[in-house]
Amino acid sequence: MYGRLFKTELLKIKRKWVWFLIFLGPFGVIAMETLNFVLRYDYLTKQYAGHLWGGLFQAIGFLVPPVIILGMAIIISILANIEHANASWKQLLAAPVRKRQVFLVKFALGWLLLLVSCVLLMIGALILGLALGFGTDIAWKPLLVTSFYPYLAAMPILAFQIWLAIVYKNQGVALTTGILASVFSMYGVVMPDWVPLAWPSLQTHWSNPVMNVWLGIGLAFCILMIGTVDFVRRDVHSG
Amino acid sequence: MSFLKTIHAEFYKFRKTFTWTVLFLSPIIAGFAGFFTYSRLSDGHPSKPWMLIYSPMATIHGMLFLPLIVGVIVALICRYEHLHGGWKQYLVQPVRRWQVYLVKFGLAAGAIAVIQLLMLFALLAAGILNGIDHPFPLEMVLKSLIGGWIATFPLIALQLWVSTAWSSFAAPMAINVICTIPSMLIANSATYGPYYPWAQPLLAMMPNAKSAGILFVSAETLFLVIAGSFVIFFVGGLTFFQKRAY
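How each quantity is defined
- Counting starts from 1 at the beginning of each chain's written sequence and moves along it residue by residue.
- Chains and ligands are labelled by the order in which they are written, letters from A for the one and numbers from 1 for the other.
- It should be noted that, the model being predicted, local features are given only for residues of pLDDT at least 70 and side-chain atom pairs only at 80 or more, the latter also being counted only at that level, while totals for whole chains, interfaces and linings use all residues.
- With hydrogens and water excluded, all non-hydrogen atoms of the structure serve as input to the side-chain values.
- Only runs of H or I of at least four residues qualify as helices and only runs of E of at least two qualify as strands under DSSP, and these elements are numbered from the N terminus.
- Just to be clear, the radius of gyration here is over C-alpha atoms, and the globule rule we use is 2.2 Å times residues to the power 0.38.
- Between buried and exposed lies partly exposed: a residue is buried under 20% and exposed over 50% of the maximum accessible area for its type, with that area taken using a 1.4 Å probe on protein chains only.
- We call two residues in contact when some of their heavy atoms are within 4.5 Å.
- Side-chain atoms within 4.5 Å are what join buried Ala, Val, Leu, Ile, Met, Phe, Trp, Tyr and Cys residues into a set we call a nonpolar core.
- Expected helix span is given by 1.5 Å per residue-to-residue step, counting one fewer step than there are residues.
- A residue's bend is simply the angle between two axes: one fitted to the seven residues ending at it, one to the seven starting at it.
- Within a predicted model, pLDDT stands for the predictor's per-residue confidence, ranging from 0 to 100.
- Basic side-chain nitrogens of Lys or Arg form a salt bridge, by our definition, when they fall within 4 Å of a carboxyl oxygen of Asp or Glu.
- Only the contacting stretch of a helix is used when fitting its axis, a line to C-alpha atoms as for every element, and angles between N-to-C directions run 0 to 180 degrees.
- Here the angle decides the label: under 35 degrees means roughly parallel, over 145 means roughly antiparallel, 65 to 115 means roughly perpendicular, and every other value means oblique.
- Crossing handedness is defined as follows: a turn of the near helix away from the far one that is anticlockwise and smaller than a right angle gives a left-handed crossing, while the clockwise case is right-handed.
- Following the grouping adopted for this structure description, the nonpolar residues are Ala, Val, Leu, Ile, Met, Phe, Trp, Tyr, Cys and Pro, the charged ones are Asp, Glu, Lys and Arg, and the polar ones are all others, Gly among them.
- In this description, buried area is defined as the sum, over both parts, of the accessible area (probe of 1.4 Å) that is lost when the two are combined.
- Polar contact criterion, stated in full: a pair of N or O atoms within 3.5 Å, where within protein one must be able to donate a hydrogen and the other to accept it, and residues adjacent in sequence count only if both atoms are side-chain atoms.
- Under the convention used here, Asp and Glu are negative, Lys and Arg are positive, and both His and the chain ends fall outside the count.

Q: Is there a simple way to explain the overall build of chain B in this structure?
A: Each helix and strand in chain B was counted, giving 11 helices and zero strands. Sequence-ordered secondary structure for chain B, helices as α and strands as β, is α-α-α-α-α-α-α-α-α-α-α. Here chain B has a C-alpha radius of gyration of 19 Å; the compact-globule value for 246 residues is 18 Å, and the two agree. The dimensions of chain B, computed from C-alpha atoms along their principal axes, are 65 × 40 × 30 Å. Here chain B holds 246 residues, and the buried ones make up 54% of them.

As structure tokens, then:
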């Protein structure tokens, strides 16, 4: 049942510019860093001398948290608004599916779409580094950390966004929340470690950033469960 | 007469929807940021205590929040008409299309002005709660807040164009985000920063001693970049709106 639901959801995002945005996010980040490094090549290669790849990942990593959080808000809003715009929640939920499944499949699709954009970011970062002549001595672990950790640490926001976007028909609510989260995510350094919005920046005081990822996944799971239970009980059409 | 009624109707819709709550978010957050930055860094007696509070406030507000919230406010202002064929009902009233467009622009600009005013109150509150007794640098703060406000005009104009064009909320937001994110890098560049419209809210709000002009952006930036892009986006949007079939 999940498989078939997933296929219908995949069909619904055709011609909604979703795939374009999923591509544009990482492409935009890489394009900006390309300009940054091309325009200031001498200055930046001197500053990052000895760890050019690390410097590149650091520069990319600065942009990733706000971009991925805004990406989440927009993509999730599109997924939810497909049903709001056509007033098709009733139809969808009248089909022989469980409400729980509908909610979880929407989340799963959003999660996978953004994961694809992270993979594209990783490929883009590799190509950029090679094109800039940083050599083949690639720092693989920092590459993976830069590409995927901020996203996984930001998963609680994704879980919250899907609930907001579905429960509140006015997408301004979900998008405003996304904007707030992205602004906060840039100030991870100054926030206490226990604030979830500080996790995507990976600038918490824990020795290993994998801590941010596990906490993110754990909290996302809790929020997703609460969101699902609430959605199942709620009359969505009036929202 | 119809002009006044249009203003009244727009204002009514603004009050009766969730839109107005958005105005308070950034001033509250920036106020807290300013308050805590000061209490953390002010050991000893800083020579410019108000600046110590205001600088983080202006950065957190101007870099992402202000340009992005413009998109939300404009989309919310157009939302009511996009629902249930509201445009058709609205435009068969004895009002001119350009009047509707102008009033919606004015409402959005007014909303941003209220945000900037609330920023002033947030700064005052953060300063008073920290017990600052230095004279308040009113001229600097007003220059910054008014500059930031004017710098959003081209952004409002573009968002109004795309928000009247598409009923979906996500499309105008995506465009807004795509244009705003690069300013995170571009605003740092002394060479390219002054030419990028989306970097102007931040640049116009950052107080700098060098700028002797009326605002914290140079006259070239003000007239060429801000006014220029405003005219292009506003005329483009209005022309499109005049011909648009709903």
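There is more to say after this.
Q: What's the story with the environment of B:Ser229 in this structure? I'm lost.
A: All names here are of chain B. With respect to the helices and strands, the residue serine 229 is situated in helix α11 (residues 219-243). A relative accessible area of 9% places serine 229 in the buried class. C-alpha of serine 229 to C-alpha of proline 154: the two residues are 75 residues apart in sequence and 5.7 Å apart in space. When residues no more than four places from it in sequence are discounted, the contact partners of serine 229 are Pro154, Pro197 and Leu224.

Q: I would appreciate a short explanation of the nonpolar core in the present structure.
A: Across soluble globular proteins, you tend to see nonpolar side chains buried next to one another. Formed by 154 residues in total, the largest nonpolar core has its most connected members in A:Ile179, B:Ile73 and B:Ile156. Aside from chain neighbours lying at most four places away, what touches B:Ile73 is B:Val22, B:Leu23, B:Ala108, B:Ala111, B:Ile112 and B:Ile115. The next biggest cluster of nonpolar side chains, apart from the first, holds six residues, and it includes B:Ala151, B:Ala204, B:Val217 and B:Ile226.

Q: What's the story with helix α4 (residues 52-85) of chain A in this structure? I'm lost.
A: An α-helix turns once per 3.6 residues; consequently, residues spaced three or four apart project the same way. All names here are of chain A. The end-to-end C-alpha separation of α4 is 48 Å, in line with the 50 Å expected for 34 residues at 1.5 Å each. The largest bend in α4 comes to about 35 degrees, at valine 64, with the proline proline 65 one to four residues further on. Buried residues dominate α4, accounting for 26 of its 34 residues. Phi for alanine 87, located one or two positions after α4, is positive at around 50 degrees.

Q: For this particular structure, what's the right way to read the confidence of the model for chain B?
A: Residue and element names in this part refer to chain B. Within chain B, residue pLDDT values average 89, and 97% of them lie at 70 or more. Put simply, helix α4 (residues 86-91) is where chain B has its lowest mean pLDDT, 84, and helix α7 (residues 153-165) is where it has its highest, 95. For this predicted complex, the interface confidence comes out at an ipTM of 0.89, alongside a pTM of 0.92.

Q: What should I look at first to understand the pattern of salt bridges in this one?
A: When the charged atoms of two side chains with opposite charge come close together, those side chains can pair. Under the counting rule described, the total for this entry stands at nine salt bridges over all chains. Close ionic contact of A:Glu9 with A:Lys12 constitutes a salt bridge, the shortest N to O distance being 3.0 Å. Residue A:Glu9 and its partner A:Lys12 are both found in helix α1 (residues 2-12); the two are separated by three residues, about one turn of the helix. With a relative accessible area of 23%, A:Lys12 lands in the partly exposed category. Between B:Glu81 and B:Lys104 there is a salt bridge, with its nearest N and O atoms 3.0 Å apart. With a gap of 23 residues between them, B:Glu81 in helix α3 (residues 49-82) and B:Lys104 in helix α5 (residues 97-129) connect regions that are remote in the sequence.

Q: What's the story with the packing of helix α6 (residues 99-131) of chain A against helix α7 (residues 140-153) of chain A in this structure? I'm lost.
A: In helix packing, the relevant descriptors are the interaxial angle and the interaxial distance, both defined with respect to the helix axes. Residue and element names in this part refer to chain A. It is at 10 Å that the axes of α6 and α7 come closest, and there the two elements cross at 155 degrees. It follows from the interaxial angle that α6 and α7 lie roughly antiparallel. Note that α6 runs across α7; the crossing there is right-handed. Contacts from Gly110, Trp111, Leu114, Leu115, Cys118, Val119, Leu121, Met122, Ala125 and Leu126 in α6 reach Trp140, Leu143, Leu144, Thr146, Ser147, Phe148, Tyr151 and Leu152 in α7. Class assignment for the residues of the contact of α6 with α7 results in 15 nonpolar, three polar and no charged.

Q: Could you clarify how one ought to interpret the interface of chain A and chain B in this entry?
A: It is common to report an interface's size as the accessible area lost on association of the parts. Across the boundary between the two partners, chain A contributes 29 residues, which contact 26 residues of chain B. Each partner contributes to the roughly 2400 Å² buried at the junction of chain A and chain B, and carbon and sulfur atoms together form 85% of this total. Where chain A packs against chain B, one counts zero salt bridges. For the pair chain A and chain B, the interface holds one residue pair in polar contact (both at pLDDT 80 or more).

Q: Mind showing me how you'd approach the side chain of A:Glu33 here?
A: Tracing the backbone through its elements, the reader meets A:Glu33 in helix α2 (residues 18-39). No salt bridge forms around the buried A:Glu33; measuring N to O, its nearest opposite-charge neighbour A:Arg40 is 6.8 Å away. Reaching out from A:Glu33, the side chain makes a polar contact with the side chain of A:Asn36 at a distance of 3.0 Å. Leaving out residues up to four positions away in the same chain, A:Glu33 has contacts with A:Ala59, A:Ile60, A:Leu63, A:Leu128 and B:Leu185.

Q: Would you mind going over the packing of α6(A) against helix α10 (residues 210-233) of chain A with me for this structure?
A: Residues and elements named next belong to chain A. Running from N to C, α6 and α10 cross one another at 135 degrees; their axes reach a closest spacing of 9 Å. In terms of orientation, α6 lies oblique with respect to α10. For the crossing formed where α6 meets α10, the hand is right-handed. Counting all contacts with α6, which are made through Lys99, Arg100, Phe103, Leu104 and Phe107, the residues of α10 involved are Leu224, Gly227, Thr228, Phe231 and Val232.

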